Amino acid sequence: MNMPRRRISPVHAVAEVPSFASVVERHLDDVHGYLVYLTRDRGIAEDLTAETFEKALRLWRRFDPRRGSARTWLCQLARTTALDHFRAEERRRRREGVYARDEYVDPEEGLFGGLSPELERALAALSVGEREVIALRVLLDLDGETAARVLGISVTACSTRLSRALKKLEERMSADVAA
């Protein structure tokens, strides 16, 4: 029995690329949840989520829906962003460990030199990363883009980190004054 042959059209199927805004709206919570799971820290996950979507916007023209869903693509970007963050943090910790062994602090001068004891305590209570962003943005008066480049993070992450660090510093100073 001869079956009629079907002709295959030479027209290639083109997958429709959704708008970036619709993808963000649909998958923001998924990406954030994934990063919370990976980092076990909501603050870091927020920074990395912002960095992931910033990267996704820059790379959006490369997204190909024929190769996978937008959600999968975003989770791959989020994973890469998180791994880069973990590697950078590990390098920072090693670097700080070397400096900490070589560091001598004159008790009369304090760690930061010439600041009030309350401010010294509040700064010492912050993480090294928080102190570092304050030093770059406030003490050295670097703009956000330059400070982000020095830290090896996005401008968005730098701004968020500075905001959180200043809020913690203010809370610690308020607690110290109230005590």
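Computed from a predicted model, the values in this text were never measured in an experiment.

So, how was this worked out
- Per chain, the residues get numbers from 1 upward, laid out in the order the sequence is written.
- Per-residue local features of the predicted model are confined to residues with pLDDT of at least 70, and side-chain atom pairs are confined, for both listing and counting, to 80 or more; whole-chain, interface and lining totals are unaffected and use all residues.
- Hydrogens and water molecules were not included; the side-chain quantities draw on all heavy atoms of the structure.
- Throughout, the protein atoms alone are placed on a 1 Å grid, and a set of points is a cavity if a 1.4 Å probe fits but cannot get out or a pocket if it is open with protein on both sides within 12 Å along at least five of seven lines; lining residues have an atom within 4 Å of a point.
- Grid points are joined across faces, edges and corners, and a volume is the space filled by probe spheres set on the points.
- Segments assigned H or I by DSSP are reported as helices when at least four residues long, segments assigned E as strands when at least two residues long, and all are numbered from the N terminus.
- For this scheme, ten residues count as nonpolar: Ala, Val, Leu, Ile, Met, Phe, Trp, Tyr, Cys and Pro. Four count as charged, namely Asp, Glu, Lys and Arg, and the remainder, Gly too, count as polar.
- Think of it this way: a Phe, Tyr or Trp ring, Trp meaning its six-membered ring, pairs with another when their centres are within 6.5 Å, and the plane angle makes it stacked under 30 degrees, edge-to-face over 60, tilted otherwise.
- Partly exposed residues are those whose accessible area sits between 20% and 50% of the maximum for their type, while under 20% is buried and over 50% is exposed, using a 1.4 Å probe and protein chains only.

Asker: Sorry if this is basic, but what is going on with the layout of surface pockets here?
Answerer: A probe matching the size of a water molecule, rolled over the atoms, marks out where space remains unfilled. The space that makes up the largest pocket amounts to roughly 700 Å³. Lining the largest pocket we find 30 residues, and of these I44, H85, E89, R92 and R161 sit closest to its centre. When residues of the lining of the largest pocket are traced back to their parent elements, those giving at least two are α2 (42–59), α3 (70–102), α5 (128–139), α6 (144–151) and α7 (155–178). Ranked by the residues each element gives to the lining of the largest pocket, the list is headed by α3, at 10 residues. Classifying every residue of the lining of the largest pocket gives nine nonpolar, seven polar and 14 charged.

Asker: Help me understand the packing of aromatic side chains, please; the structure alone is not making it clear to me.
Answerer: The description of an aromatic ring pair rests on the distance of the ring centres and on the angle between the ring planes. Within the structure shown, the criterion is met by four aromatic pairs. Note on W60 and F63: the rings are 5.0 Å apart at their centroids and 15° apart in plane angle, and the pair reads as stacked. Here F63 and W73 contribute two aromatic rings whose centre-to-centre distance is 5.4 Å and whose plane-to-plane angle is 50°, an arrangement assigned as tilted. Taken together, the residues span a long stretch of sequence, with F63 in the loop between α2 and α3 and W73 in helix α3 at a distance of 10 residues. The residues F63 and W73 share a single accessibility class, namely buried. Linked through ring pairs, F20, W60, F63 and W73 together constitute an aromatic cluster.

None of the figures reported here should be taken as evidence of function without further support.
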